[in-house]
Structure formats: C-alpha cells, structure tokens
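Spelled out, the chains give:
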Amino acid sequence: MKTFTDNAGRTWTVAINVDTIKRVRDLLEVDLLEVLDGKLIEKLYRDPVLLCDVVYAACKPEADARNVTDVDFGRAMAGDAIEHATKALFEELVGFSPSPRDRANLQRVLETTWSVMDKARDVVEARLAMVDADQIVAQALATSGGSSGSAPESPASSPDG
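Conventions and cut-offs
Residues numbered from 1 in each chain as written. Predicted model: local features only at pLDDT ≥ 70, side-chain atom pairs only at ≥ 80, totals over all residues. Heavy atoms only, no water. Helix = DSSP H or I, 4+ residues; strand = E, 2+ residues; numbered from the N terminus. Buried < 20%, exposed > 50% of the residue type's maximum accessible area, 1.4 Å probe, protein only. Contact = heavy atoms within 4.5 Å. Axes fitted to C-alpha atoms, helices over the stretch in contact; angles between N-to-C directions. Parallel < 35°, antiparallel > 145°, perpendicular 65-115°, else oblique. Salt bridge = Lys/Arg side-chain N within 4 Å of Asp/Glu carboxyl O. Pairing = 2+ DSSP bridges. Phe/Tyr/Trp six-rings, centres within 6.5 Å; stacked < 30°, edge-to-face > 60°. Lys NZ or Arg CZ within 6 Å of the ring centre and 35° of its normal.

A closer look at the overall build of the protein chain
- In terms of regular secondary structure, the protein chain is built from 8 helices and 2 strands.
- Starting at the N terminus and walking to the C terminus, you meet the elements of the protein chain as β-β-α-α-α-α-α-α-α-α.
- Looking at the protein chain as a whole, 28% of its 161 residues qualify as buried.
- Taking all contacts inside the protein chain whose residues are at least 6 apart in sequence as the whole, residues at least 24 apart take part in 64%.

Topic: the packing of helix α6 (residues 80–96) against helix α7 (residues 100–130)
- It is the contact of α6 with α7, at a shortest axis distance of 8 Å, that shows an interaxial angle of 155°. As judged from the angle between their axes, α6 and α7 are roughly antiparallel. Between α6 and α7, the residues in contact are Thr86, Lys87, Phe90, Glu91, Leu93, Val94 and Gly95 and Arg103, Leu106, Gln107, Leu110 and Trp114, respectively.

Regarding the pattern of salt bridges
- Applying the stated criterion across every chain, the model contains 9 salt bridges.
- Close ionic contact of aspartate 19 with arginine 23 constitutes a salt bridge, the shortest N to O distance being 2.6 Å. Highlighted residues: aspartate 19 and arginine 23, both in helix α1 (residues 18–28), separated by 4 residues, approximately one helical turn.
- Using a relative accessible area of 14% as the deciding quantity, one classes arginine 23 as buried.
- A salt bridge links glutamate 62 to arginine 66; the nearest nitrogen and oxygen atoms lie 3.1 Å apart. Taken as a pair, glutamate 62 and arginine 66 lie in helix α4 (residues 60–66) at a separation of 4 residues, close to a single helical turn.
- With relative accessibility at 36%, the residue arginine 66 sits in the partly exposed group.

Quick look at the pairing of strand β1 (residues 2–5)
- Relative to strand β2 (residues 11–14), β1 runs antiparallel, the two being bridged by 4 bridges. Bridged to lysine 2 within β2 is valine 14.
- Here β1 folds back onto β2, and the loop between the two strands holds 5 residues, one of which, glycine 9, carries a positive phi near 85°.

Remarks on the environment of valine 54
- Relative to the helices and strands, valine 54 resides in helix α3 (residues 48–58).
- In the structure, valine 54 is positioned 30 residues away from valine 24 in sequence and 6.3 Å away in space, judged by C-alpha atoms.
- Non-local contacts of valine 54, meaning those with residues more than four positions away in its chain, are made with Val24, Leu28, Val30, Leu32, Leu44 and Leu89.

A word on the packing of aromatic side chains
- In this structure the tally under the stated criterion is 3 aromatic pairs.
- An aromatic cluster is present here, built from Phe4, Trp12, Tyr56 and Phe73 joined pairwise through their rings.
- Over the ring of tryptophan 12 we find arginine 66; its NZ or CZ atom is 4.4 Å from the centre of that ring.

Right, here's the structure in full:
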C-alpha cells in the first residue's frame, strides 16, 4: 500500500486490489486493468481531474469513514499532492499485476514515462533559461515602429472634425 498527503494535510492510503478495480470501474467507467497497454497511464497523466477522481474512488472507503466528499477531496488536490497521488496509484497498479512479467513490463513503462516527462521538463527549463525578456520586448517595439499605440486619432482631434 502506498500513501500520499493532500493539501489539507490528510494522509491517504492507495491500495489496488480487485475491490478497488471494481469500484473505480463502477463509479467512473475507467478500467484500471487497461494500464498494461500504456494508454491509461497517458490518459490519467494528461487529465489530472480524471486522475484525482480515480484516486478518490480508490480511496473512497477511507474518504467515507472520514466524511470527506469528492468535492472536499478535489479541493485538497493540487500541485505536489497530485504528483504524489499519481505515483502512489501507478506504483500500486504495478504491484497488482498478477504476472511477474506484466509487473516488470509495467514497471518499465512507468520508469520510461517518468523519464520522458523529466526530459520534457528539462527541455522547457533550458528554453526558458535562454529567453531574454528585455531583448524580446526591444525586438517587439522595434518591429512595431516604437509607437505605443496604433489606434487612429479621434474625430474630435482631427483638423476636419
């Protein structure tokens, strides 16, 4: 079982078992077993709202015992809490796989996913580090003729008006 802490300071336990798989399927029509083909990982990773719904459904018995609604849960999910919940969910899914080969393959898929995401972040950071905001503003002003406004004069200020 993996845990994560939401932004309200509550620690949640993610445990993937047959009951959890069925609950998520029934509540959200999301089949966690599709994780083996890799598409579900991408779908959940790209849609943090769906991901948080899945995590809430996985933690629903615990949430019910604490009287935490899905709205309360969602309000406490942002930033690092989502990343930690994502890792907890995916790592639990790896452990759920009945076949050692499937577990190993899914672990490789997850490691590759994290690696690709880290490299993408590195690229973005490198590009941002090369941006010179003052130079961009100077170029924009130079190409616009240096004028700060391009609206025509009002009729009252024109000689014919």
